[in-house]
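# Residue-level structural notes
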Amino acid sequence: MDQNKLKKLQITLTDMLVDIARVCDENDITYFLSDGALLGAAREGKFIPWDDDIDISMPYEDYLRFLSIGQQMLGEKYFLQTNDTDRNWFMGFSKVRLRNTTFMMDYHNSWYSHGEIFIDVFPLACVSGKLDYKIKNIVYIASSYLLMDGFFHAMKDAFHEELGSLKCMLLEGLYRIPYETRHRWKKRTLNYALSGKQKSRCEYTEAWRKLGGPYPASLVADSPKEIEFEGRVFKTYSDYIAFLETAYGHDWQTPKYKEKGHDRMIIDFEKDYTLYLQ
């Protein structure tokens, strides 16, 4: 990516994070700077040079509160993309998107409802052990298929190559079930995977990403810590070193220059992504 464009993107993302953090702080919603942004903050107090996104996470209860008030509190400048606000969004986490911008792959298809600059918001689950984690992780991942019909029909050839004919036949049968029914199933399965009802036995916490989890429960045992990032102060895990060691290894302080951001991206800070749809 062009370095001037990347720098402008990082500034834009930081401004978005300021707005999200303000909403969280004003409404007593716990959030944590996470993943690559946290890695950059812990190393040098700024973005990793090639990083082009920001991830935050929230305990599940706080995540639900954020979903319930986020759009209203953030205002029309932003779009809070969830399973409730976007029919084609099938993942179990959410995105805060900056309206009237573009950040999408150059093969983006019109089935996919939104392609603006975004910050990812992940729910954190409390699990009581490795077996509980494995079961809930399977349920969480499987729940994505419930609302994946738009993606499936747009990319059917790729699905057949990846999953095979039998699994695709099962998915086609699933997608004959009315969307409203599958949407209810999605909510129930996510609630099971993320609710963490046995907090007294919580051993691990996990945001269901492929970054080395499950993570030790000490991440969120105490109040969030403050950390400097791009000249601002944000909140992160109370034991963020444990997160970084679990996610990136004990050598997390050593830059790995093979790391890079998104590939083949169309980026526009003034034009809406719909102008670029194929």
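Before reading on, note that the structure itself is shown above.
Overview of the structure. (Residues numbered from 1 in each chain as written. Predicted model: local features only at pLDDT ≥ 70, side-chain atom pairs only at ≥ 80, totals over all residues. Heavy atoms only, no water.)

If you tally the helices and strands in the chain, you get nine helices and 11 strands. For the C-alpha atoms alone, the extent of the chain along its principal axes is close to 50 × 50 × 40 Å. Considering the chain as a whole, with its 278 residues, one finds that 51% of them fall into the buried category. Here the contacts in the chain between residues at least 6 apart in sequence split such that 69% fall between residues at least 24 apart. Measuring between centres, the 36 positive side-chain charges of the chain sit 5 Å from its 41 negative side-chain charges. (Helix = DSSP H or I, 4+ residues; strand = E, 2+ residues; numbered from the N terminus. Buried < 20%, exposed > 50% of the residue type's maximum accessible area, 1.4 Å probe, protein only. Contact = heavy atoms within 4.5 Å. Lys, Arg positive; Asp, Glu negative; His and termini not counted. Charge placed at Lys NZ, Arg CZ, Asp CG, Glu CD.)

As enumerated under the stated definition, the model contains 13 aromatic pairs in all. Judged by centre distance (5.0 Å) and plane angle (25°), the ring pair of tyrosine 237 and phenylalanine 243 falls under stacked. No difference in accessibility class separates tyrosine 237 from phenylalanine 243, as the two residues are buried. A cation over an aromatic ring shows up here: arginine 87 above the ring of tyrosine 179, its NZ or CZ 4.0 Å from the ring centre. In this structure, lysine 95 packs its charged tip against the face of phenylalanine 118, placed 3.4 Å from the ring centre. (Phe/Tyr/Trp six-rings, centres within 6.5 Å; stacked < 30°, edge-to-face > 60°. Lys NZ or Arg CZ within 6 Å of the ring centre and 35° of its normal.)

Our focus in this paragraph is unusual backbone geometry. Even without being a glycine, aspartate 28 presents a positive backbone phi close to 55°. Since its relative accessible area comes to 65%, aspartate 28 is described here as exposed. Its identity as a non-glycine residue notwithstanding, glutamate 230 has a phi of 55°, on the positive side. One can find glutamate 230 in the loop between strand S9 (225–229) and strand S10 (232–236).

At a minimum axis separation of 10 Å, helix H1 (residues 3–26) and helix H3 (residues 60–74) run at an interaxial angle of 120°. Judged on the interaxial angle alone, H3 and H1 are oblique. Here H1 and H3 pass one another in a crossing that is right-handed. Facing H1, whose interface residues are Asp19, Ile20, Arg22, Val23, Cys24 and Glu26, H3 presents Phe66, Met73 and Leu74. For the contact of H1 with H3, the residue count by class is six nonpolar, no polar and three charged. (Axes fitted to C-alpha atoms, helices over the stretch in contact; angles between N-to-C directions. Parallel < 35°, antiparallel > 145°, perpendicular 65-115°, else oblique. Left-handed = near helix turned anticlockwise from the far one by under 90°. Nonpolar A, V, L, I, M, F, W, Y, C, P; charged D, E, K, R; others polar.)

The next thing to look at is helix H2 (residues 35–44). By the criterion of burial, H2 is predominantly enclosed, with eight of the 10 residues buried. Its buried side turned inward, H2 meets strand S1 (32–34), strand S2 (55–59), S9, S10 and helix H9 (240–248).

What follows concerns the nonpolar core. Soluble globular proteins tend to pack their nonpolar side chains together in the buried interior. Counting residues in each nonpolar core, the largest one holds 57 residues, and the members touching the most others are Ile54, Met58, Phe66 and Phe229. The element best represented in this core is H1, accounting for eight residues. Those residues in contact with isoleucine 54 that sit more than four places away from it in its chain are Leu13, Thr14, Leu17, Leu33, Ala37, Phe47, Ile119, Asp120 and Phe229. Core analysis: the second largest hydrophobic core is formed by 11 residues, Leu146, Phe152, Leu171 and Tyr179 among them. (Core = buried A, V, L, I, M, F, W, Y, C linked by side-chain atoms within 4.5 Å.)

In short, the description is geometric, and any link to function would need to be established separately.
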